[in-house]
Amino acid sequence: MPLTAGIVGLPNVGKSTLFNAITHSSVEAANYPFATINPNVGVVEVKDHRVDDLVKIFNPKKTIYTTFEFTDIAGLVKGASKGEGLGNQFLSHIREVDAICHVVRCFDDPNITHVHSKIDPLNDIEVINLELIIADQQSIEKSINKVERKAKTKDKDGIFEFALLTKINETLLAGKSVRSLDLSKDELEVLKSYHLLTAKPVIYIANMSEEEVKHPEDNAYFKTVKAFAESENSDVIAICAKIEEELSVLDDEEKAFFLEELGYTESGLDKIIKATYHLLGLWSFLTAGTDECRAWTFKKGMKAPECAAVIHTDFQKGFIKVEAYLYEDIMKYKTEQAVKDAGKLRIEGKEYLVQDGDVLHFRFNN
């Protein structure tokens, strides 16, 4: 289950600097055979202290973290949905992502020009949002006539879908995002196939100067972005893209020292990843042994067989049971045998809802 986020933003807001930091941090594609890598995608590891702790106990041959995929939409400008700039050629890529990271410039620098000749975060947000709304509206218009014909045949699904698309179209024409609507579970399921840009959850990334990022609430630009984000129930994260780029070329020891010197507990990139995990309702389960300690991403609410499929579809097809214990228990008892002796090892079946931090061992028929 690759986790994907698309990065959007106007030119000269720091988007390219942030993406450079991401690509410098990229893991080798060979380690993750199921990841699709192309020039505008960066894949980074999601650091997880629980994996590090398991490594100390099991001393495995391999350590593998779950990964996070960023897709860059280069050069998105006003008019992109009509073919202006370079952004239009990347709109198709963003349709495949799970969430959008919207980079907004929140710093003054006379040496870095702004595409609109002034720093106005709210206007920048509105320009990007409008382009995505227009792109969605164009997509819906292409489908609505076809679905209407189906509805006229009294087809139940067609009637439902036509009513939904009509509501979506009216919302977009009013200049509002699809995510502003309170949609039912059935409506959301139908919308999945349309990959609408404005239906995707958004995290706003306020790119600030090195001096101001430590105290973002003192920055008037940040306050504006935060107020807008709160109005649509979105998160905003303050980062300094320049610092992120500097961190990206350091090894783990140097990075830890640099972060300590800056007074940070984690990098901005790690904050973005954690926020997106929360936004998408994602958790991690763990597998541990002498061969490998690894974290796997899954959607909150998934049952054991579905999580087995995250590792391999054959695990789900032949699922028998799963042995499960908590990360906290292996930390307490130090060995799996001790966990078992303490009665903390559970045998779960097909209906088990996997929890964040579960250490699992699947049993299945080949």
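Please refer to the structure placed before this passage.
Residues numbered from 1 in each chain as written. Predicted model: local features only at pLDDT ≥ 70, side-chain atom pairs only at ≥ 80, totals over all residues. Heavy atoms only, no water.

Draft legend 1. Structural detail: unusual backbone geometry. Its identity is not glycine, yet histidine 195 carries a phi of approximately 50°, on the positive side. Here histidine 195 lies in the loop between α6 (185–191) and β6 (202–207). (Helix = DSSP H or I, 4+ residues; strand = E, 2+ residues; numbered from the N terminus.)

Draft legend 2. Structural context of the nonpolar core. Of all hydrophobic cores here, the largest spans 58 residues; its most connected members are Phe70 and Tyr204. Here this core takes 6 residues from helix α10 (residues 268–280), the largest share from any one element. Counting residues in hydrophobic clusters, the runner-up holds 16 residues, among them Val310, Val322, Tyr352 and Phe362. (Core = buried A, V, L, I, M, F, W, Y, C linked by side-chain atoms within 4.5 Å. Buried < 20%, exposed > 50% of the residue type's maximum accessible area, 1.4 Å probe, protein only.)

Draft legend 3. Summary view of the environment of valine 97. Looking at the element boundaries, valine 97 is found in the loop between α3 (91–94) and β5 (99–105). Non-local contacts of valine 97, meaning those with residues more than four positions away in its chain, are made with Thr4, Ala5, Gly6, Thr71 and Lys200. (Contact = heavy atoms within 4.5 Å.)

Draft legend 4. The arrangement of the packing of helix α8 (residues 241–248) against helix α9 (residues 252–262) in detail. Where α8 meets α9, the closest approach of the two axes is 10 Å, and the angle between their N-to-C directions is 150°. By the criterion of interaxial angle, the relationship of α8 to α9 is roughly antiparallel. For the element pair α8 and α9, the recorded crossing hand is right-handed. Each of Ile243, Glu246 and Leu247 in α8 lies in contact with α9, whose residues at this interface are Lys255, Phe258, Leu259 and Leu262. Counted by class, the contact of α8 with α9 contains 5 nonpolar, no polar and 2 charged residues. (Axes fitted to C-alpha atoms, helices over the stretch in contact; angles between N-to-C directions. Parallel < 35°, antiparallel > 145°, perpendicular 65-115°, else oblique. Left-handed = near helix turned anticlockwise from the far one by under 90°. Nonpolar A, V, L, I, M, F, W, Y, C, P; charged D, E, K, R; others polar.)

Draft legend 5. Representation of the state of the cysteines. Under the criterion given, the structure shown has 0 disulfides. Cysteine cysteine 106 is unpaired, with the sulfur of cysteine 240 as its nearest cysteine sulfur at 12 Å. Summary of cysteine pairing: cysteine 307 is not part of a disulfide, and the nearest cysteine sulfur, belonging to cysteine 293, is at 18 Å. The buried category is assigned to cysteine 307, whose relative accessible area is 0%. (Disulfide = S-S within 2.5 Å.)

Draft legend 6. Structural view of the packing of aromatic side chains. Across all of its chains, the model carries 8 aromatic pairs by this definition. Ring geometry for phenylalanine 319 against phenylalanine 362: centres 6.4 Å apart, planes inclined by 65°, an arrangement best described as edge-to-face. Residue phenylalanine 319 is found in strand β10 (residues 319–326), and its partner phenylalanine 362 is found in strand β12 (residues 358–364); the two are separated by 43 residues along the sequence. One exposure class covers both phenylalanine 319 and phenylalanine 362, and it is buried. Lying across the ring of phenylalanine 107, arginine 105 places its NZ or CZ 4.4 Å from the centre. Directly above the aromatic system of tryptophan 296 lies the positively charged group of arginine 294, at a separation of 3.9 Å from the ring centroid. (Phe/Tyr/Trp six-rings, centres within 6.5 Å; stacked < 30°, edge-to-face > 60°. Lys NZ or Arg CZ within 6 Å of the ring centre and 35° of its normal.)

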